[in-house]
Structure formats: structure tokens, C-alpha cells
There are 2 protein chains.
Amino acid sequence: MARPGGIPEPENPKRGTYHHGDLKRALTAAALQLVQEKGPKGFTLREVARRAGVSAAAPYRHFADKAQLLAAVATQGFVQLHETLAAAADTTMTDLSAQVLAMGRTYVRWAVSHPDYYQVMFGSEFDKTQSPEVVVAGERAFGDLLDTIVRCQRSGLLPAGDPREMAGPIWSLLHGVSMLTIGSDLVNVGIREDPEALIERSLRNLLL
Amino acid sequence: MARPGGIPEPENPKRGTYHHGDLKRALTAAALQLVQEKGPKGFTLREVARRAGVSAAAPYRHFADKAQLLAAVATQGFVQLHETLAAAADTTMTDLSAQVLAMGRTYVRWAVSHPDYYQVMFGSEFDKTQSPEVVVAGERAFGDLLDTIVRCQRSGLLPAGDPREMAGPIWSLLHGVSMLTIGSDLVNVGIREDPEALIERSLRNLLL
DNA sequence: ACCTGAACACCGTTCAAGT
DNA sequence: ACCTGAACACCGTTCAAGT
């Protein structure tokens, strides 16, 4: 099947291999795999290029530098977190009072089961000022929490007002438990409680 | 003044310069300065050696590798945090009910005003399993929080029981607010509340 | 005992040159 | 338009050799 125009179909990879195709996607895929395999520390641009089967210089046609590739990974992480949270919000429609708790448990569960992802998303190996796409993806995930809060407010289960006022403490708690769990800091200090149980208990207290 | 023995006084640097003296301390000092100057990312072992006026290989007589030097920095951070928290616990002896709040505000204030320090302490650029000294220093800082909780429990201001049960949620909250503030994540999502105010508000809710 | 010099393998990044 | 090869400056780490 010959194609009419001279445009090389940037969105539609016909060939199985990507050597001529979307190397960009291949690079982010390899980057993802590498992060999950070796952690954010062992992440190297040259190794990513190697896995994609291209030269060390090739990635620079698609990403300004190493930080931008890591930012792409972080963005994917936020997208995945968002999808997970959105799915959880749908599931628990029955018992509204448990929605925030379910959201919290889901958030922490995702974080602790994707520790390298999570560390890239919130680590300091790239400058968020230089990668607004990451911030946008992050806002989308945060929006799931806001939505849940608004829904509870409308049902009178939470006091009315700017949902951000509730979201600040809640997100901080979720992030703190996630990070301290991933770093084994809670265990190191003698706290062996399961993170999901800890979150549930904490949220109950926080929400009065 | 001649010294009698042949032992070169490892603890007692007589000379003003440390070129023959305790290079170890000089290295951690330079490391500290470098972290505060360039952040945890720009931290390089060779640059530390340069600032200490020694060759690139010299640090290896005192630290197994780069990670161990960063661990030393983290340890110093925990010591400083501990001192700050302990001082705060002394100051606020008058109003006992405010002690946990004061502790929380002090913790967050220290964290956000020493962001690079804090990121080294909780970042993933060294393996805590390989540096038990860091864990010990961390436990000491955590102990300040435990002490405050116990004091409040003895005054009937908090329910009795294992103080760790309270400390888990509280520490998670403090850590979450600190990290999200340092990373500008709260601001990026439209939350512009001052971190100390946010902590105070959150702790009040959490403590019933 | 502690430090230097030189070396090794590796990185991020750039750039002329190929197709 | 996209990729390669070779190069540059820099790293972490090792090791024989100096004092």
C-alpha cells in the first residue's frame, strides 16, 4: 500500500521496528524500564540509547537533555497515578464517606508499589520550571483528590469551602507516608504499621 | 613545642591548616558547603577534594565512596535538626498543649530553610542500609517528637499508649508538608498557604 | 599512615558528517 | 529530517608509587 503524500506519517508507525519510526516513544519506554530496573540513580542516557539501539547522540534530536527525558518518565508516572485514582473514585461510589479513605489508600498503594516512578516524579533530578508538562500531569492527578473532596462536600460529609483547604493536609499526609515508606524511614524508627492502615487511621483523625 | 611520642595526634589539630591534620572533617565541611551551594545534584567528589586542597584520590582514605560522604552530610543534618527540635522543646515549656504544634512548626521551618540538607537526608543518593550512623542520627531527631508526645500524654493532653502510634501520622504530615514545599509542589497546584500555617491547621485537626 | 599521579571505564553533551 | 562517529570535558574509582 503506497502512501500518496511525501509526509512520513509521524504518528503512525507502520514498521515493527522503530529505527525509522518514533524513536521518541522507544526512548521513553526504555527509560521507564531502566528506572524500574536500576532505580533513579542508575539511570543513564547512554544506557537508554543503547537499549533503544541507537547512538549516544541520537536522543538529543528528541530531548534537550537527560533531565527532559526524566521529566517524560515523571509525566507518564503522573498519568498512570491519575488513571489509578480515577478508577478508584468510580469503584467506591456506594459508600461516599469512604471515598476519601479509598482515595488515600489507593494513592499510597500505587506509590509504594512504584517506588522508582514515585521518586522520579517527586525527586530533584529535573527542574519542574523547565518541564511544565510534568506540572500539568501532576495537577490532573491532584484533581482526582479535589473531585473526591468536592463530592463529599456536596453530600454534606465534609464542611463546605475551597476544597484546596482540605486537600493540602490530605495530600501532605499521603505524600509523607508514601515517601517515608519508600525510604524505609518509618521502619527504621520502629514503626512497622502497614502504610495503608496508617493512612486510614490518620485520615479518620484528620477528617474529624 | 616538641611533642614527646611519635603518635601524630589524630584528634588534636595543632596547625591552623589541615593539610596534615584531620582531612576527614575538612572534607565533610567542604561537602556541606557544596551541597548548600549547588544542591544535591551538583555534588561531586572531585570538587569536594578540590575545595579541600587535596587530590581526587585522597577522600578514599576517609570514605569508602561518594555515598559515604553524602551519608556524613546527612548525619550532620539530622544532628542539627535534633538540636533545633530539642531547643524548641525547652522553650515552650509553659503551654503544654502547644508543644506538639511548636515541634511541628519548628520541624517544617528547619526543613524549608535547609532544603538541600533535607533532600540529602531523605533523598536516595545513598543506601541507608550501608550507613547505620545516619539512621541513628535520624532516630535521635525522631526521639524529640516522641518525647514531646510522651510529655503531652503524661499531662493528659493526648491519649495514653505507644507514642509511636501518634508519631507516625504526625511525622508523615511534617515530612509531607516539608517535601511538597521544598519541591514547590503545593504552589504548583494552587496551594499558597504558608507551610507553618498549614502544619498548625493540620495538626490541630489531627490531634482532635 | 596518608597522600599524589596516572590511569581506566564511564558519563553528558556537542558537532561535523553521513544517509 | 534524523542519525552516526568522533571528540571534549568531566566523573567515580583504583592502584602503584611517593613522603
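Residues numbered from 1 in each chain as written. Chains lettered and ligands numbered in written order. Predicted model: local features only at pLDDT ≥ 70, side-chain atom pairs only at ≥ 80, totals over all residues. Heavy atoms only, no water.

In the nomenclature of an unreviewed UniProt entry, chain A corresponds to Transcriptional regulator from the organism Mycolicibacterium rhodesiae.

## Digging into the UniProt feature "domain: HTH tetR-type" (unreviewed entry) in chain A
UniProt records the feature "domain: HTH tetR-type" (unreviewed entry) at residues 21–81 of chain A, using the numbering of this structure. Taken end to end, residues 21–81 of chain A is 66% helix and 0% strand, and its two terminal C-alpha atoms sit 28 Å from one another. (UniProt positions renumbered as here; feature names shortened; annotations may be inferred. Helix = DSSP H or I, 4+ residues; strand = E, 2+ residues; numbered from the N terminus.)

## Topic: the protein's contact with DNA strand C
Neighbouring DNA strand C are 18 residues, the closest being Arg46, Arg50 and Tyr60 of chain A together with Ser55 and His62 of chain B. Sugar plus phosphate, as a fraction of atoms of DNA strand C within 4 Å of the protein: 54%. At a separation of 3.0 Å, a phosphate oxygen of DNA strand C approaches a polar backbone atom of Lys66 of chain A. At three residues, the largest contribution of residues to the surface near DNA strand C is made by helix H2 (residues 45–52) of chain A. Here the residues of the surface near DNA strand C sort into eight nonpolar, four polar and six charged. (Near = heavy atom within 4 Å. Polar contact = N/O pair within 3.5 Å; in protein donor to acceptor, adjacent residues only side chain to side chain. Nonpolar A, V, L, I, M, F, W, Y, C, P; charged D, E, K, R; others polar.)

## Description of the protein's contact with DNA strand D
As a matter of local geometry, DNA strand D sits amid 18 residues, with Ser55 and His62 of chain A together with Arg46, Arg50 and Tyr60 of chain B nearest to it. At the protein interface, 55% of the atoms of DNA strand D within 4 Å belong to sugar or phosphate. In the environment of DNA strand D, a phosphate oxygen lies 3.0 Å from a nitrogen or oxygen atom belonging to the backbone of Leu45 of chain B. Per-element tally for the surface near DNA strand D: the top contributor is helix H2 (residues 45–52) of chain B, with three residues. Tallied by class, residues from the surface near DNA strand D come to eight nonpolar, four polar and six charged.

## Things to note about the packing of helix H4 (residues 99–113) of chain B against helix H7 (residues 163–182) of chain B
All names here are of chain B. Two numbers describe how H4 lies on H7: the axes approach to 9 Å, and their chain directions differ by 30°. Looking at the two axes, H4 sits roughly parallel to H7. As for the relative orientation of H4 and H7, their crossing is right-handed in sense. Residue-level contacts link Val100, Gly104, Tyr107, Val108, Ala111 and Val112 of H4 to Ile170, Trp171, Leu174, His175, Val177, Ser178, Thr181 and Ile182 of H7. Its residues assigned to classes, the contact of H4 with H7 comprises ten nonpolar, four polar and no charged. (Axes fitted to C-alpha atoms, helices over the stretch in contact; angles between N-to-C directions. Parallel < 35°, antiparallel > 145°, perpendicular 65-115°, else oblique. Left-handed = near helix turned anticlockwise from the far one by under 90°. Contact = heavy atoms within 4.5 Å.)

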